[in-house]
Amino acid sequence: MARIIVDDVHCKGCGLCVNACPKGVLALDSERITPKGYHPAKLVDPDGCIGCSSCFITCPDVAITVVK
Amino acid sequence: MANTVTLPDYQVERIGSQIAEGETIKSARPHALSDAIFNYCPGCTHGIVNRLVAEVIDELGIEGKTVGVAPVGCSVMCYDFFNCDMIEAAHGRAPAVATGVKRVHPENVVFAYQGDGDLASIGTAETVHAATRGEKITVIFINNAIYGMTGGQMAPTSLPNQVTQTSPYGRDVSKAGYPVRISEMLSTLDGVAYVERVTCDSRQHIIQAKKAIKKAFQNQIDGLGYSLVEVVATCPTNWGMTPLDAFQWLRDNMLPYYPLGVYKDVVADGYANAAEAALERAKDCPIAQQKKED
Amino acid sequence: MADNTQAAEERVLMKGNEVLAEAAMRAGCRFFFGYPITPQTELAAYMAKKLPLIGGTFLQAESEVAAINMVYGAGAAGGRVMTSSSSPGVSLKSEGASYMAGADVPGVIVNVMRGGPGLGGIQPSQSDYFQATRALGHGDYFMPVLAPSTVQEMADLIYEAFDLADTYRTPTMILADGMIGQMMEPVTLPPERDLDSLPAKPWATAGHKGQRAHNVVNSLYLSPEKLEDTNRERFERYEEIKATQQRQELMMCDDAEIVVVAFGAASRIARTAVRDARAKGIKAGLLRPITLWPFPTKAIDQVIENGAKKFLSVELNMGQMVEDVRLAANGRASVDFYGRTGGVLPTPEEVLAQIEALAEDRPVAPSAGAKAVASVLPQPIDRKSSYERGE
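On a predicted model such as this, the values are computed, not experimentally measured, just so you know.

S.K.: Even after reading the chapter, I still don't get the domain arrangement of chain C, so can you show me in this structure?
M.R.: How big an interface is tends to be stated in terms of the accessible area lost upon association of its parts. All names here are of chain C. Once the domains are mapped, chain C shows domain 1 (11–192 + 218–244) and domain 2 (248–376). The C-alpha centroid of domain 2 is placed 27 Å from the C-alpha centroid of domain 1. In this assembly, 26 residues from domain 1 lie in contact with 22 residues from domain 2. Of all the secondary structure elements, the ones that give two or more residues to the side of domain 1 that touches domain 2 are α6 (129–133), β6 (145–146), β7 (171–177), α8 (178–182) and α9 (224–244). Considering each element in turn, the side of domain 1 that touches domain 2 owes the most residues, 4 residues, to α6.

S.K.: Is there a simple way to think about unusual backbone geometry in this case?
M.R.: For residues besides glycine, phi is generally negative; the peptide bonds are generally trans as well. Note the cis peptide between Thr38 of chain C and Pro39 of chain C, where omega equals 5°. Relative to the elements of secondary structure, Pro39 of chain C occurs in the loop between β2 (31–34) and α2 (41–50). Here the bond from Trp293 of chain C into Pro294 of chain C is cis, since omega is 0°, no more than 30 degrees from zero. Tracing the backbone through its elements, the reader meets Pro294 of chain C in the loop between β13 (291–293) and α11 (297–305). Positive phi, close to 60°, is recorded for Ala145 of chain B, a residue that is not glycine. Along the polypeptide, Ala145 of chain B turns up in the loop between β5 (138–143) and α6 (173–176). According to the C-beta neighbour criterion, Ala145 of chain B is buried, with 27 such atoms within 10 Å. Positive phi outside glycine occurs at Asp104 of chain C, with the angle close to 55°.

S.K.: Explain helix α7 (residues 151–168) of chain C here, please?
M.R.: Because an α-helix packs 3.6 residues into every turn, residues spaced three or four apart end up facing the same way. All names here are of chain C. Between its terminal C-alpha atoms α7 stretches 26 Å, which fits the 26 Å expected from 18 residues at 1.5 Å a residue. Counted residue by residue, α7 has 13 buried out of 18 residues, so it is predominantly covered. Note on α7: the residue one or two positions beyond its end, Arg169, has a positive phi of about 45°.

S.K.: Please clarify how the sheet that holds strand β10 (residues 248–251) of chain C should be interpreted in this entry.
M.R.: Strands pair in a sheet through their backbones, by hydrogen bonds, and they do so in one of two ways: parallel or antiparallel. Residues and elements named next belong to chain C. If you trace the 5 strands from one edge of the open sheet to the other, you get β10-β12-β11-β14-β15, paired in mixed fashion. Unpaired on one side and paired on the other, β10 and β15 (334–339) mark the two borders of the sheet. On average, each strand axis in the sheet is inclined to that of its neighbour by 20°, with strand direction left out of account. One ladder, built from 4 bridges, connects β10 with strand β12 (residues 284–289); its direction is antiparallel. By the bridge assignment for β12, Glu249 is matched with Arg288.

Rules behind the numbers
- Residues numbered from 1 in each chain as written.
- Chains lettered and ligands numbered in written order.
- Predicted model: local features only at pLDDT ≥ 70, side-chain atom pairs only at ≥ 80, totals over all residues.
- Domains from an automatic or database assignment.
- Contact = placed C-beta atoms within 7 Å.
- Helix = DSSP H or I, 4+ residues; strand = E, 2+ residues; numbered from the N terminus.
- Buried ≥ 20, exposed ≤ 12 C-beta atoms within 10 Å, placed from the backbone.
- Expected span 1.5 Å × (residues − 1).
- Pairing = 2+ DSSP bridges.
- Axes fitted to C-alpha atoms, helices over the stretch in contact; angles between N-to-C directions.

Listed below in structure tokens is the structure:
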């Protein structure tokens, strides 16, 4: 089972990963604010991630680590 | 090259502690990137290209002999983002600075990372001449049709009728002239080994962009001549759009004006390098055919 | 000058500009980036011919701007590097010089001055004194400026300039003029530097090879405090340069009451005038700055202590170095100026006339043009040949 880990240090909550996810399992986490003041990306449906790295590839801040 | 993906040192604790036993890393920050937070706006595509360059450096195993030259513009601070040796150049002079480095250390891999104002306006002369000299450097050119750092002025590559701070009624080509199409222009020069225009609006395009960047680095390692990759990019902030709308605007307006594709590739054309292609092009010119004695 | 161990001295007759090139190569310079401009082109041509033969790189850049930025890159990468130009071209180098200063990158810049402003002329001049000594480009900085007055000094000073540049991590300028650049004189060339003896540059961007943290050569500091600290550190280096590197030649200054201050080509003319003044019983002396920055203020102090009452700054411009003389004298002696400009050289007689005026407490000609010269000369000289006079 795949998942992503978002590095709050780098994520700026731009949402490009949310749009890039072919499974639609990512969202910006409105519950949390990073030290820089952004809502970071989050995997909302842990069972839906297929580990395709589309989010990683489109992330402009290289904030995502994909593990499987 | 098959790589086992590992975290860079600075993420081992921060991110590594969240990885369970039995999980393997599929994608992670490249080691050639430092932990510095990009100074780019949220959704800015500079960061994607920075990552691609860093991944290429990792994959080619050349961080220790790579010297990067940073421009003036939004990516001015990329000397902090890469872990290889870096030099900060004056506005537009990165190709000249890169030339100086490469002439002192031909064994090094030298790249310049430049935006459109830097490369296609104030540094046009340096760009054209480094290219025509066949300087064995790699240039990454970010074309987002605007001056980002200074707050959204007209760039040499701003599109006709594009509204910017200094073309508030839209770029009037009768007064401000036409955009410079760098890839097309440089492809006519004999010293150039490889020019490709790519973009970064989708997974597929980003993967293609990385292939092009890797090739541009490999060409330098192989001594083929000057290589440039033009990345058609967005500037959501100064275009006044969301990152996603900016991608759509890029597809609607930028790509028809700046078509993607390979503009020159001497190897694909059947030559060993730029010099051989140049010799063939000038085959009817006797003096150009004279052999240099070593 | 560095060690002179070479057994057999090579004494050759060479042109000033070519000597600059030859001595630079002997100092270990292996990289030259330049752009053609009169009257320094022989230097570049000599480099183009000789550098490739010793494994060096000569590159004719597309512009002076590109050339100095190549120097910046090559210097950052640890190379011994130089560029040369003449006045209008040096203006274009101001950008790169400022970046070199701001990023502490060593390199040597040669200016074989011609008349200005604008295109000016192509005859010898010293009108870039301000540009050279008040810092060539924008920002808070200085750089060492060495002014040769003979072809021999062209060799000696450029040889030294590379070491100064490396030691203090600064651009360093040779400020010559078209006269010394174009003249031929016998010269003893300095020995070949052993390249392995050149200073190590652990800060250079030559690839970290996995053995150190990455080096960054940079002049950008977005934090005001950091920029101030960086500038303060650089100015501490400048203080050290001022304390240890002032250089000058003093001639007949032990008892001089009137001291002529002149550098480069002007000093050659002033030297004759001072000798002529002595022959007339006037206690005149010559102070010839060799370093224009740092200006030899200690020598000014010394000649004032020795009894100098009056200074006369003689320059090939409208009066630039005279300001440094005035600052150094600081009210302790009178300071006057005499100069010709536009490529016109004063005659020793003209300068002598000024020294005589000072000796007799008459006013000197402020800055003589051709008309004024005629009025101050004791006996106007008809320089026409007998052929021209139709005799």
